[in-house]
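# Observations on chain architecture
Below, each chain spelled out in residue letters.
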Amino acid sequence: MECAILSSNKEYTYFSFRDQTIRFRTSRHLERYTEILEWDAGYIVVMAKYETVPEMEDYIDLIPILEDLYINVDEFLAPIQKVRVQYE
């Protein structure tokens with residue numbers, strides 16, 4: 001199963017698949033992502049822990065980010081079947 005990885009470090013979110021990692025800014029209050037609830041071809045529903053609030057559902061739309069980076073959205077996302085949270 002083709003699986004991508006979601007993580008964060010300080011104010012950046014990282015989305016990694018195969019040999020590519022996309023980094024984009026997120027809230028400076030994000031502590032960590034805790035669980036992927038849904039993956040829908042570029043749209044992620046995720047549980048996240050922020051400094052200022054309890055764990056909550058959050059949403060990430062990768063499509064505009066990929067388009068801004070001139071990455072072929074369909075080609076990049078098509079093989080991804082699952083996303084998981086991973087921290088080192």
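Not measured: the values here are computed from a predicted model.

Now for the sheet that holds strand β4 (residues 30-40). The strand order across the open sheet formed by three strands is β4-β5-β6, and the pairing between neighbours is antiparallel. The open sheet has two edge strands, β4 and β6 (56-61), and neither has a second partner. Here the strands of the sheet are splayed against their neighbours by 35° on average, with no regard to which way each runs. Pairing analysis gives eight bridges linking β4 to strand β5 (residues 43-50), with the strands arranged antiparallel. When the sheet's bridge partners are listed, W39 is paired in β5 with I44.

A word on the pattern of salt bridges. Think of it this way: side chains of opposite charge can pair up when their charged atoms draw near. Overall, the coordinates contain two salt bridges when judged by the stated rule. The closest approach of N and O atoms between E2 and R18, which form a salt bridge, is 2.8 Å. Of this pair, E2 sits in the segment before β1 (3-9) while R18 sits in the loop between β2 (12-17) and β3 (20-25), and the two are 16 residues apart along the sequence. In this structure E2 comes out as partly exposed when scored by relative accessible area, which is 30%. A relative accessible area of 59% places R18 in the exposed class. R25 is paired through a salt bridge with E11; the nearest N and O atoms lie 3.9 Å apart. Taken together, the positions of R25 in strand β3 and E11 in the loop between β1 and β2 put the pair 14 residues apart, joining distant regions of the chain. Judged by relative accessible area, R25 falls into the exposed class, the value being 58%.

To continue, consider the packing of aromatic side chains. This structure, assessed with the given rule, holds four aromatic pairs. Relative to F76, the ring of F15 has its centre 6.3 Å away and its plane inclined at 55°; by these criteria the two rings are tilted. Here F15 is found in strand β2, whereas its partner F76 is found in helix α2 (residues 73-77), with 61 residues between them in sequence. Assigned by exposure class, F15 and F76 land together as buried. Ring geometry for F17 and F76: centres 6.1 Å apart, planes at 80°, overall edge-to-face. Residue F17 is located in strand β2, and its partner F76 is located in helix α2; the two are separated by 59 residues in the primary sequence. Across the pair, F76 and F17 agree in class, each one buried. Through pairs of rings, three or more aromatic residues link up here, namely F15, F17, W39 and F76.

Turning to its location among the elements, I22 is positioned in strand β3. Exposure remark for I22: the relative accessible area of 4% places this residue in the buried category. Residues I22 and I65, spaced 43 residues apart in sequence, show a C-alpha to C-alpha distance of 8.7 Å. The contacts of I22, once residues within four sequence positions are left out, are T13, Y14, F15, I65, L66, L69, I71 and F76.

About the criteria used
- Residues numbered from 1 in each chain as written.
- Predicted model: local features only at pLDDT ≥ 70, side-chain atom pairs only at ≥ 80, totals over all residues.
- Heavy atoms only, no water.
- Pairing = 2+ DSSP bridges.
- Helix = DSSP H or I, 4+ residues; strand = E, 2+ residues; numbered from the N terminus.
- Axes fitted to C-alpha atoms, helices over the stretch in contact; angles between N-to-C directions.
- Salt bridge = Lys/Arg side-chain N within 4 Å of Asp/Glu carboxyl O.
- Buried < 20%, exposed > 50% of the residue type's maximum accessible area, 1.4 Å probe, protein only.
- Phe/Tyr/Trp six-rings, centres within 6.5 Å; stacked < 30°, edge-to-face > 60°.
- Contact = heavy atoms within 4.5 Å.

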